Amino acid sequence: MINNDILRSVRYMLDLSDAHIVAIAKLADFDLAKEDVAAFLKKEDEEGYLECSDEVMAYFLDGLVFHKRGKDENRPAQPIELPMSNNMALKKLRVAFELKEEDMHSILDAAGFDVSKPELSALFRKKDHKHYRSCGDQLLRNFLKGLTLRLRG
């Protein structure tokens, strides 16, 4: 999924201003310009559109975890993993919103997207695990849709 779409979804879901997005990235010690945020939020065919890089998305999602759950000053921040994958985005969103397996299923059900327990757990395995499954764009899009329904509904 395009990082810009994830950013747009989270922004809408939490009703965040551009300045708030900048502040969330700052929580992960990443400096993001307000002008860049505005460019990330534009549609691809709009003038001034800027593609949100994997690095920006990784820091934003780490900042979102700190924003939602707090930052443990006793534990050093983990280095970001690049390239950013849908699986990593899903995992960081799950951590940020403190979602358990049942929550994940109900969120996907609310979006009309059925996933079995083994399919869901396979999304959170390490890439070299034999039961690892790559998270498709459709699943991530439906997860964001269901999470938005849960938080704004």
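Located above this text is the structure these notes cover.
Scope of this entry: the structure provided in the associated data block.

The rules behind each value
- Residues numbered from 1 in each chain as written.
- Predicted model: local features only at pLDDT ≥ 70, side-chain atom pairs only at ≥ 80, totals over all residues.
- Heavy atoms only, no water.
- Helix = DSSP H or I, 4+ residues; strand = E, 2+ residues; numbered from the N terminus.
- Expected span 1.5 Å × (residues − 1).
- Buried < 20%, exposed > 50% of the residue type's maximum accessible area, 1.4 Å probe, protein only.
- Axes fitted to C-alpha atoms, helices over the stretch in contact; angles between N-to-C directions.
- Parallel < 35°, antiparallel > 145°, perpendicular 65-115°, else oblique.
- Left-handed = near helix turned anticlockwise from the far one by under 90°.
- Contact = heavy atoms within 4.5 Å.
- Salt bridge = Lys/Arg side-chain N within 4 Å of Asp/Glu carboxyl O.

Turning to helix 4 (residues 54–69), a few remarks are in order. Taking 1.5 Å of rise per residue, 16 residues should cover 22 Å, and helix 4 covers 22 Å from first to last C-alpha, within 8% of that figure. Considered for burial, the residues of helix 4 that qualify are V56, M57, A58, F60, L61, D62, G63, L64 and V65.

Where helix 2 (residues 18–27) contacts helix 3 (residues 34–41), the axes come no closer than 9 Å and their chain directions differ by 110°. Looking at the two axes, helix 2 sits roughly perpendicular to helix 3. Helix-helix and strand crossings are classified by hand; for helix 2 and helix 3 the assignment is right-handed. Counting all contacts with helix 2, which are made through D18, A19, I21 and V22, the residues of helix 3 involved are K34, V37, A38 and L41.

The next point concerns the environment of L93. Note that L93 resides in helix 5 (residues 86–96). Through-space distance from the C-alpha of L93 to that of Y12 is 14 Å; in sequence the pair is 81 residues apart. Each residue touching L93, except ones within four places of it in the same chain, is listed here: V10, L61, L64, L99, F143 and L144.

On inspection of all chains with the given rule, the structure shows six salt bridges. Where D18 meets R11, a salt bridge forms, and the shortest distance between an N and an O atom there is 3.0 Å. The closest approach of N and O atoms between K92 and D62, which form a salt bridge, is 2.4 Å. Taken together, the residues K92 in helix 5 and D62 in helix 4 connect sequence positions 30 residues apart. Exposure remark for K92: the relative accessible area of 16% places this residue in the buried category.

Worth remembering: the numbers are spatial, not functional.
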